[in-house]
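Per-entry structural report
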Amino acid sequence: MHMLKVTANSRYLQTDDGRPFFYLGDTAWELLHRLTLTEAKEYFRVRAEQRFNVIQMVVLAEFDGLTEPNRNGDLALIDVNPLHPNKAYFVHVDAVIQEANKQGLTVGLLPAWGDKVNKAWGAGPEIFNPENAAVYGEWLGNRYRNVKNLLWINGGDRKMDTPAQKETFRALAHGLRKGDEGNHLITFHPQGGRSSSEDFQEDDWLAFNLIQSGHHARDIDNTTMIERDYHLQPIKPTLDDEFNYENHPVNWKNDTGRFRDYEVRLSAYRSVFAGGCGICYGCQDVWQFFDSARHPAIAYADTPWHEAVQFSGAWQMQHLRKLMESVPFTTGSPAQQRIVGDPARSRVTAGTGYLFAYLPIGGKMQLNLDGVRLGNASVSWFDPRTGITIPAGAATAGSSHIFTAPSSGLYNDWVLTLRSA
């Protein structure tokens, strides 16, 4: 059990006993609203087996979260009033958090979806203002003050159209901090195409940034968003918290195809190598816990959630965590300048004793290793589909080296790894 902190270099996360923490999250927005405790246990079991370490869920859910009871028959609030939380509902929340912690999972708890502040679209209603948001935040923070494996996610896919809406989110954050006495990190989940840094970079409660690169195209350049956050002051960790969900229709249309494991890997590896402190995976059928017997599909979900948790992209995310945890990744930083010629959307990261390069379509990569302190480095190719490493000899420091991946073409992504001998 642990609490999370920001590393001394302000780029990554770590546990309170100093161990590096690579954020590998899964999006489970509707879990508290739509699952029984027994179902939640099974979901946690699978995600723990897949080596996820953060589960993101919402207390006051987006889809009828204030008017539709949870599976126990309990509404979250009495008379839709955030100053009157329903005890029975929160007993269930308690039990779910405890079960996640038992299985080694940190809970990323979002107090209320953003439509409860700025409806914009969806169900709403708007029930928060700066005054009651502060009170609700303090009550929630105090309730979970001593939970170890927990962090707070403010926001919820909405931007702020008025100063009052921004102050409401800010008041909620201050309430959380006051209630839990600063024990847990707080971040902010933004609307698509945006970063939390755009509104709250200088707020001291914002411990690390989240971006949402979104679902509108197969090859979204989330690295540009990560790079923007990476160079801001004050320095804060950043990660892509919502990129192309697996099995999500491209651009929300039913005739444009769906994102598969390849697109998931593209966004995950490139954003981490661009400077992200981790990633959050998502699946279109899982975040809403799609079950046609109970709820209509949202945005063309087509696979029951208990089957969708087994999608290949979910299983493959553990390989990224394995790769990063095999080196002192908290020493790492983007090293894009090492690529000679057209990078072809490739990304390079390097730290103490290692250099990793992600090649989206395999093939050849030329790197300038002048000044790289790897000695006679061991070279290998890491397969992001299987986690298997293929040795490829050695390389010495020098001005230019050409490396050729085991295969090339669409879907043939590889990671070149150089490690100090």
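Read on for an overview of the structure.

**Side note on the overall build of the chain**
Across its full length, the chain holds eleven helices and 20 strands. Scaling as 2.2 N^0.38, a compact globule of 421 residues should have a C-alpha radius of gyration of about 22 Å, and the chain matches this with 21 Å. When burial is assessed residue by residue, the chain has 59% of its 421 residues classed as buried. At a minimum sequence separation of 6, the contacts of the chain that also span at least 24 residues come to 72%. Put simply, the chain shows about 15500 Å² of open surface, and 51% of that area lies on carbon and sulfur atoms. The averaged location of the 48 negative side-chain charges in the chain is 4 Å from the averaged location of its 41 positive side-chain charges.

**Topic: the sheet that holds strand β18 (residues 389-395)**
Read from one edge to the other, the open sheet built from six strands follows the order β13-β14-β15-β20-β17-β18, with strand pairing classed as antiparallel. In this open sheet, the two strands that pair with only one neighbour each are β13 (333-334) and β18. Two elements, strand β14 (residues 347-351) and strand β15 (residues 354-359), share five bridges in a ladder whose sense is antiparallel. Bridged to Val348 within β15 is Ala357. Sitting on the sheet, helix α8 (residues 261-273) is in contact with β13, β14, β15, β17 (377-382) and β20 (414-419), with an inclination near 145° to β15.

**Quick notes on the pattern of salt bridges**
Scanning all chains against the criterion turns up 32 salt bridges. Of the charged contacts, one joins Asp219 and Arg270 as a salt bridge, the two residues approaching to 2.4 Å between their closest N and O atoms. Of this pair, Asp219 sits in the loop between β10 (209-212) and α7 (222-230) while Arg270 is found in helix α8, placing the two residues 51 residues apart along the sequence. Owing to a relative accessible area of 38%, Asp219 belongs among the partly exposed residues under this scheme. On the basis of relative accessibility, which here comes to 2%, the residue Arg270 falls in the buried class. Each member of the salt-bridge network shares a partner with another, and the members are Asp261, Arg265, Asp383, Arg385 and Asp413.

**Considerations on helix α5 (residues 163-180)**
Between its first and last C-alpha atoms α5 spans 26 Å; for 18 residues at 1.5 Å apiece the expected length is 26 Å, and the two agree. Here α5 has its buried residues at Gln165, Thr168, Phe169, Arg170, Ala171, Leu172, Ala173, Gly175, Leu176, Gly179 and Asp180. Where α5 is buried, its residues touch β6 (106-112), α4 (130-143), β7 (150-155), β8 (186-189) and α6 (197-200). Of the residues flanking the end of α5, it is Glu181, one or two places downstream, whose phi is positive at about 60°.

**Looking at helix α11 (residues 312-325)**
Within α11, ten of the 14 residues are buried, which leaves it mostly tucked inside the rest of the structure. Of the positions making up α11, those classed as buried are Gly313, Ala314, Gln316, Met317, Gln318, His319, Leu320, Arg321, Leu323 and Met324.

**Comments concerning unusual backbone geometry**
Backbone geometry follows two general trends: most residues other than glycine have a negative phi, and most peptide bonds adopt the trans configuration. The peptide bond linking Gly124 to Pro125 adopts the cis configuration, its omega dihedral lying at -10°. Residue placement: Pro125 occurs in the loop between β6 and α4. With an omega dihedral of -10°, the bond running from Gln233 to Pro234 counts as a cis peptide bond.

**Considerations on the sheet that holds strand β2 (residues 13-15)**
Taken together, the three strands give an open sheet; going across it, the order is β1-β2-β3, and neighbouring strands pair in antiparallel fashion. Both outer strands of the open sheet, β1 (4-6) and β3 (20-21), are each paired with one neighbouring strand and no more. Examined bridge by bridge, β2 and β3 share two bridges and lie antiparallel to one another. Bridging across to β3, Leu13 finds its partner in Phe21.

Rules behind the numbers
- Residues numbered from 1 in each chain as written.
- Predicted model: local features only at pLDDT ≥ 70, side-chain atom pairs only at ≥ 80, totals over all residues.
- Heavy atoms only, no water.
- Helix = DSSP H or I, 4+ residues; strand = E, 2+ residues; numbered from the N terminus.
- Rg over C-alpha atoms; globule rule 2.2 N^0.38 Å.
- Buried < 20%, exposed > 50% of the residue type's maximum accessible area, 1.4 Å probe, protein only.
- Contact = heavy atoms within 4.5 Å.
- Areas by Shrake-Rupley, 256 points an atom, 1.4 Å probe, with all protein chains shown as cover.
- Lys, Arg positive; Asp, Glu negative; His and termini not counted.
- Charge placed at Lys NZ, Arg CZ, Asp CG, Glu CD.
- Pairing = 2+ DSSP bridges.
- Axes fitted to C-alpha atoms, helices over the stretch in contact; angles between N-to-C directions.
- Salt bridge = Lys/Arg side-chain N within 4 Å of Asp/Glu carboxyl O.
- Expected span 1.5 Å × (residues − 1).

Everything listed here is a matter of geometry and, on its own, says nothing about what the molecule does.
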